[in-house]
Amino acid sequence: MKTPLVAASALAIACFPTMALAQDTDGTSPHWYVRAAVGHITFDEKAQVKVGGEPLPGANGTLSNNTTLTTEFGYHLTPHLSLAATLGIPPETTLTAAGSLAGAGVLGKVGYAPGSYTLRYHFGAPGARVRPYAGAGLNWTIVLKNHDGLLRNIRASDTTGPVVTGGADIALSRRLGAFASVMKVWTRTNASFDMPTPAGLVPGTTRLQMNPTLLQAGVQVRF
């Protein structure tokens, strides 16, 4: 999924008239919601690299963007407050040499399982057709696999960090709807590796800032 798709979804949301939806005869509203979406992850990366205990001036790396399927599970504590868990099918990102290492090729690959847990405030009346929301919480990303490239014996750590999110829900019926959202995470990982040199493998470390942004668009079921 590309950014224009999310922009188109947001435009569609803005064009929907705001109107109340019919509720069940008992007057209750659904508390749970489940979402399925296509998510596009981009990174704002920066690396601090040490080899043999000494900083490697100008060394950097870029992380490849990922597109994956995501799910969200949410529960309304009140008509305006909900708790939600956002999970994704584990993607794999490629770390490519940059800066003073530019031209060295692929440094390695990391498979990861992203998860974000947020408290959200939903604006507007509970029965409105369009409801924007904003929230914040914690991201916990688990590293599942490390694949060597130029660097050998890569070992990246799991990460945690703060997350903010915002989006809008469109109710197509009382239970079925669509949504578009953006989520920003601030997180970094520590990794160790062995770098090949003419004298053999030299141990190194990196502190890699990732700071991913997740764009989502998909469908929602409430119950």
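This text goes with the structure placed above it.
Reference entry: report on the structure contained in this document. (Residues numbered from 1 in each chain as written. Predicted model: local features only at pLDDT ≥ 70, side-chain atom pairs only at ≥ 80, totals over all residues. Heavy atoms only, no water.)

**Comments concerning the environment of Gly 204**
Moving on, step 1. Checked against the element boundaries, Gly 204 lands in strand 15 (residues 200–209).
Moving on, step 2. Look at Gly 204 and you get buried, because its relative accessible area is 7%.
Moving on, step 3. C-alpha separation for the pair Gly 204 and Leu 151, spaced 53 residues apart in sequence, amounts to 9.3 Å.
Moving on, step 4. Apart from the residues within four sequence positions on either side, Gly 204 is in contact with Lys 50, Val 51, Ala 191, Ser 192 and Phe 193. (Helix = DSSP H or I, 4+ residues; strand = E, 2+ residues; numbered from the N terminus. Buried < 20%, exposed > 50% of the residue type's maximum accessible area, 1.4 Å probe, protein only. Contact = heavy atoms within 4.5 Å.)

**Quick word on the pairing of strand 9 (residues 115–122)**
As a general feature of sheets, a regular strand has side chains that alternate between the two faces.
Moving on, step 1. As paired strands, strand 6 (residues 81–88) and strand 9 are joined by 7 bridges and run antiparallel to one another. If you follow Ala 84 over to strand 9, its bridge partner there is Thr 118.
Moving on, step 2. Where strand 9 meets strand 10 (residues 130–148), 7 bridges bridge the pair, whose relative direction is antiparallel. Bridge pairing links Tyr 117 to Leu 138 in strand 10. (Pairing = 2+ DSSP bridges.)

**Let's talk about the pattern of salt bridges**
Moving on, step 1. For the coordinates displayed, the defined rule picks out 3 salt bridges.
Moving on, step 2. For Asp 169, the salt bridge identified is with Arg 35, shortest N-O distance 2.2 Å. Remark: Arg 35 occurs in strand 1 (residues 32–42) and Asp 169 occurs in strand 12 (residues 159–171); sequence separation between them is 134 residues.
Moving on, step 3. A relative accessible area of 10% places Asp 169 in the buried class.
Moving on, step 4. Assessed through its relative accessible area of 2%, Arg 35 is described here as buried.
Moving on, step 5. Where Arg 120 meets Glu 72, a salt bridge forms, and the shortest distance between an N and an O atom there is 3.1 Å. Here Arg 120, found in strand 9, pairs with Glu 72, found in strand 5 (residues 66–76); they are 48 residues apart in sequence, far enough to count as distant. Here the two residues Arg 120 and Glu 72 agree in accessibility, since each one is buried. (Salt bridge = Lys/Arg side-chain N within 4 Å of Asp/Glu carboxyl O.)

**Points about unusual backbone geometry**
Moving on, step 1. Phi at Asn 153 is positive, roughly 55°, even though this residue is not glycine.
Moving on, step 2. By relative accessible area, which is 36% here, Asn 153 ends up partly exposed.
Moving on, step 3. With a phi angle near 45°, Asn 211 is a residue other than glycine that sits in the positive phi range.
Moving on, step 4. Locating Asn 211 in the fold gives a position in the loop between strand 15 and strand 16 (213–222).
Moving on, step 5. Asn 211 sits in the buried class, given a relative accessible area of 10%.

**Description of the nonpolar core**
Moving on, step 1. Grouped together as the largest cluster of nonpolar side chains are 22 residues, with contacts concentrated most on Phe 43, Val 49, Leu 63, Leu 151 and Phe 193.
Moving on, step 2. Elements with a minimum of two residues in this core: strand 2 (46–51), strand 4 (59–63), strand 7 (92–99), strand 8 (106–113), strand 13 (176–185) and strand 14 (188–197).
Moving on, step 3. Ranked by the residues each element gives to this core, the list is headed by strand 2, at 3 residues.
Moving on, step 4. If we skip the residues at most four places from it in the chain, Val 49 touches Glu 54, Pro 55, Leu 56, Ala 59, Phe 193, Thr 205 and Thr 206. (Core = buried A, V, L, I, M, F, W, Y, C linked by side-chain atoms within 4.5 Å.)

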